[in-house]
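This is what each chain is made of:
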Amino acid sequence: METKKDILDNLELRSESVQDILSQPPNWMIRWGNSFILIIILMIILMSYFIKYPEFVPAPIIVTSQNPPEKLEARINSKIEKILVKNQQEVKKNDILMILQSTANYHDVLRLKKLVDSIPPNQIFYFPISETLGFKLGELQSDYNTFAKAFQDEKLYAKLQPYAPENVAANQGLSEYNGRIATLKQQLSLENAKFDLSKKNFSRSQTLFDQGVISKMELENEKIKYLQAEQNLKTISISLSQMQEGISNFNKTKSGASINAQKDKSNYESQTLQMLEQLRKSLKQWEQSYLLISSTNGIVSFQQFWGENQFIKTNDAVLSILPTDKIAVVGRMQVPSVNSGKIVPGEKVLIKLDNYRFQEYGIIEGKVQNISLSPDEKGNYYVDVILPKGLKTSYNKRLPFDKELKGNAEIVTEDLRLIERFFYQIRKLLGNQNI
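To start, this report covers the structure provided alongside it. No experiment lies behind these values; they were computed from the predicted model shown. (Residues numbered from 1 in each chain as written. Predicted model: local features only at pLDDT ≥ 70, side-chain atom pairs only at ≥ 80, totals over all residues. Heavy atoms only, no water.)

Regarding the overall build of the chain
At step 1: Counting secondary structure elements, the chain contains 10 helices and 14 strands.
At step 2: For the chain, the accessible area works out to roughly 29000 Å², and carbon and sulfur atoms hold 54% of it. (Helix = DSSP H or I, 4+ residues; strand = E, 2+ residues; numbered from the N terminus. Areas by Shrake-Rupley, 256 points an atom, 1.4 Å probe, with all protein chains shown as cover.)

In structure tokens, the structure reads:
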């Protein structure tokens, strides 16, 4: 008896015509089927050539202006003594915003700094020292006292003029010597006349003596007169020479006193100027430590709530100054070294801001302007991004800018075709096999 299994095995599932087709397919079906498959493959290859798949290098980005907000930090541990501005207040360059406590009276320090800055170096002699004697300057007191002493020493030297008596004595000596020289010159003129007469008389006496007219004693008397006249002439010449030497000594004394006076004056002036510069330097250091000053025009933005007598630590972010003159908006990126070699200027950058969700507001498009030549200590490269359309998004929305905007960006480094990426994978596989 046939079993159920045998019945199923002997059962014909297909008709005779179907069996013929399956056993021997027609040629037209094979030919057109292969052609259809080939056409599909060619279409896929053609589409992979035209379809491009970009590669992205993601990194965080900060969108800011070319003159970014100024962040002011505390440089010392101290308490807040005075807050001179309010949050969101407009300030100007060099405005004092906040004063930290110090051992000095900040009113006195600011007045002293104003006086020091207003005195040019060539008019330091007119510094109003009497106005600053009672100032409470705390840690600046030592530098101020040194300057005040040097300044008063210079003024005392200018008042006393210690070398003036030497000049007066030298001038008096020169006047007396010049008078004596005038008198001696007159005497010299008379003695020259006497000498000439004595010489002539002696010459005549010598002739008369030779002729036997006068005696030898008379000749000797004339010779004595001649020698006395010659001696008087030499004596006056020696006196004149001594007077000239005295005048030369007085001139040296006068010149030496003048040189010493000028040297001491220069030393006093130099010392005073040096002490003034040291005081100015100390004032600048005090200003940097205890004053928070705006270096640009802008709007004050407190980093947190601050009050007077509140303690503040070194490097605490106190406030920011948002510049009012926003020249242009740019992006700053820190890109890791992975794939950074593919980044070149001109490549597209897609920016998604944290403040404005890109699903609602859209994406901002930028371009790579430049990339740093070497990485920082963390291995990141700095990339500058320009925004040709500003903060206009892909949804045609213009985003407002009043502070730094943070977000994430993707640099489109390469638009590769799908077929190129396919061949890259094949090359990679072949390379791995060769290894």
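Once the structure has been displayed, the description carries forward.
Concerning the pattern of salt bridges
Once their charged atoms are close, side chains differing in charge can pair, the charge on each being opposite to the other.
At step 1: Under the definition given, this model contains eight salt bridges.
At step 2: We note a salt bridge from lysine 113 to aspartate 117, for which the minimum N-O separation is 2.8 Å. Here the residue lysine 113 and the residue aspartate 117 both occupy positions in helix H4 (residues 106-118), the gap between them amounting to four residues, near one helical turn.
At step 3: Linking glutamate 230 and lysine 234 is a salt bridge whose minimum nitrogen-to-oxygen distance equals 3.9 Å. Of this pair, glutamate 230 and lysine 234 both sit in helix H8 (residues 216-290), four residues apart, which is roughly one turn of the helix.
At step 4: The class of glutamate 230 is partly exposed, set by a relative accessible area of 24%. (Salt bridge = Lys/Arg side-chain N within 4 Å of Asp/Glu carboxyl O. Buried < 20%, exposed > 50% of the residue type's maximum accessible area, 1.4 Å probe, protein only.)

Quick word on the sheet that holds strand E4 (residues 90-91)
At step 1: Reading across from one edge, E2-E9-E7-E4 is the order of the four strands in this open sheet, with antiparallel pairing throughout. Two strands close off the open sheet at either side, each with one partner strand: strand E2 (70-73) and E4.
At step 2: Pairing of E2 with strand E9 (residues 317-323), which is carried by four bridges, proceeds in the antiparallel orientation. Looking across to E9, one finds that leucine 72 is bridged to leucine 319. (Pairing = 2+ DSSP bridges.)

Some thoughts on the packing of aromatic side chains
At step 1: What the rule picks out here adds up to six aromatic pairs.
At step 2: Between phenylalanine 147 and phenylalanine 151, the aromatic rings sit 6.0 Å apart at their centres with planes inclined by 35 degrees, giving tilted as the arrangement. With phenylalanine 147 and phenylalanine 151 both in helix H6 (residues 141-160) and four residues apart, this pair spans about one turn of that helix. Side by side, phenylalanine 147 and phenylalanine 151 carry an identical accessibility label, which is buried.
At step 3: The ring centre of phenylalanine 358 lies 4.5 Å from the NZ or CZ of lysine 352, which sits over that ring. (Phe/Tyr/Trp six-rings, centres within 6.5 Å; stacked < 30°, edge-to-face > 60°. Lys NZ or Arg CZ within 6 Å of the ring centre and 35° of its normal.)

Here we look at the packing of H6 against H8
At step 1: Interaxial distance between H6 and H8 falls to 9 Å at its minimum, and their mutual angle equals 155 degrees. By the angle class used here, H6 and H8 are roughly antiparallel. Of the two possible hands of crossing, H6 and H8 adopt the one that is left-handed.
At step 2: A per-class count over the contact of H6 with H8 returns 10 nonpolar, six polar and six charged. (Axes fitted to C-alpha atoms, helices over the stretch in contact; angles between N-to-C directions. Parallel < 35°, antiparallel > 145°, perpendicular 65-115°, else oblique. Left-handed = near helix turned anticlockwise from the far one by under 90°. Nonpolar A, V, L, I, M, F, W, Y, C, P; charged D, E, K, R; others polar.)

Quick notes on H6
At step 1: Across its 20 residues, H6 extends 28 Å between first and last C-alpha, which sits within 8% of the 28 Å expected from 1.5 Å per residue.
At step 2: Of the residues making up H6, those classed as buried are Tyr144, Phe147, Ala148, Ala150, Phe151, Glu154 and Tyr157. (Expected span 1.5 Å × (residues − 1).)

Examining a nonpolar patch on the surface
At step 1: Where nonpolar side chains cluster on the molecular surface, the patch consists of Phe36, Ile37, Leu38, Ile40, Ile41, Leu42, Ile44 and Ile45 and spans about 760 Å² of accessible area.
At step 2: For isoleucine 41, the location among the structural elements is in helix H3 (residues 27-50). (Patch = residues over 30% accessible without salt bridge, like charges linked within 9 Å, V, L, I, M, F, W, Y side chains within 5 Å.)

Overview of the nonpolar core
At step 1: Ranked by internal contacts, the top residues of the largest apolar core, which has 44 residues, are Leu112, Phe127, Phe147 and Leu319.
At step 2: At the level of secondary structure, the elements contributing two or more residues to this core comprise strand E3 (78-83), strand E5 (96-100), H4, H6, H8, strand E6 (291-293), strand E7 (298-302) and E9.
At step 3: Sorting elements by how many residues they give to this core places H8 first, with six residues.
At step 4: Among residues more than four places away in sequence, those in contact with leucine 319 are Glu70, Lys71, Leu72, Leu97, Met98, Val300, Ser301, Phe302 and Gln303.
At step 5: With 22 residues, the next largest nonpolar core counts Val57, Met333, Ile343 and Ile411 among its residues. (Core = buried A, V, L, I, M, F, W, Y, C linked by side-chain atoms within 4.5 Å. Contact = heavy atoms within 4.5 Å.)

A word on the sheet that holds strand E8 (residues 311-312)
At step 1: Here four strands make up an open sheet; going across it, the order is E6-E5-E3-E8 and the pairing antiparallel. Pairing within the sheet leaves two strands with one partner each, and these edge strands are E6 and E8.
At step 2: As judged from the three bridges shared by E5 and E6, these two strands associate in the antiparallel manner. Looking at the pairing, isoleucine 99 lines up with leucine 291 of E6.
At step 3: Strand contacts of H8: E5 and E6, with the helix running at about 80 degrees to E6, the strand carrying the most contacts.

Some words on the pairing of E5
At step 1: Burial analysis of E5 places four of its five residues in the buried class, which makes it a mostly covered element.
At step 2: Where E3 and E5 come together, three bridges link them in antiparallel fashion. Opposite lysine 82, over in E5, you have isoleucine 99 as the bridge partner.

Thoughts on the pairing of E3
When a strand is regular, its side chains alternate between the sheet's two faces.
At step 1: Pairing between E3 and E8: two bridges, direction antiparallel. The residue of E8 that forms the bridge with serine 78 is isoleucine 312.

A few points about the packing of H4 against H8
At step 1: Axis separation between H4 and H8 bottoms out at 10 Å; the angle between their running directions is 135 degrees. Here H4 lies oblique to H8, going by the angle between them. Helix-helix and strand crossings are classified by hand; for H4 and H8 the assignment is left-handed. In this structure, H4 contributes Tyr106, Val109, Leu112, Lys113, Val116 and Asp117 to the contact, and H8 contributes Leu276, Leu279, Arg280, Leu283, Trp286 and Glu287.
At step 2: Counted by class, the contact of H4 with H8 contains eight nonpolar, no polar and four charged residues.

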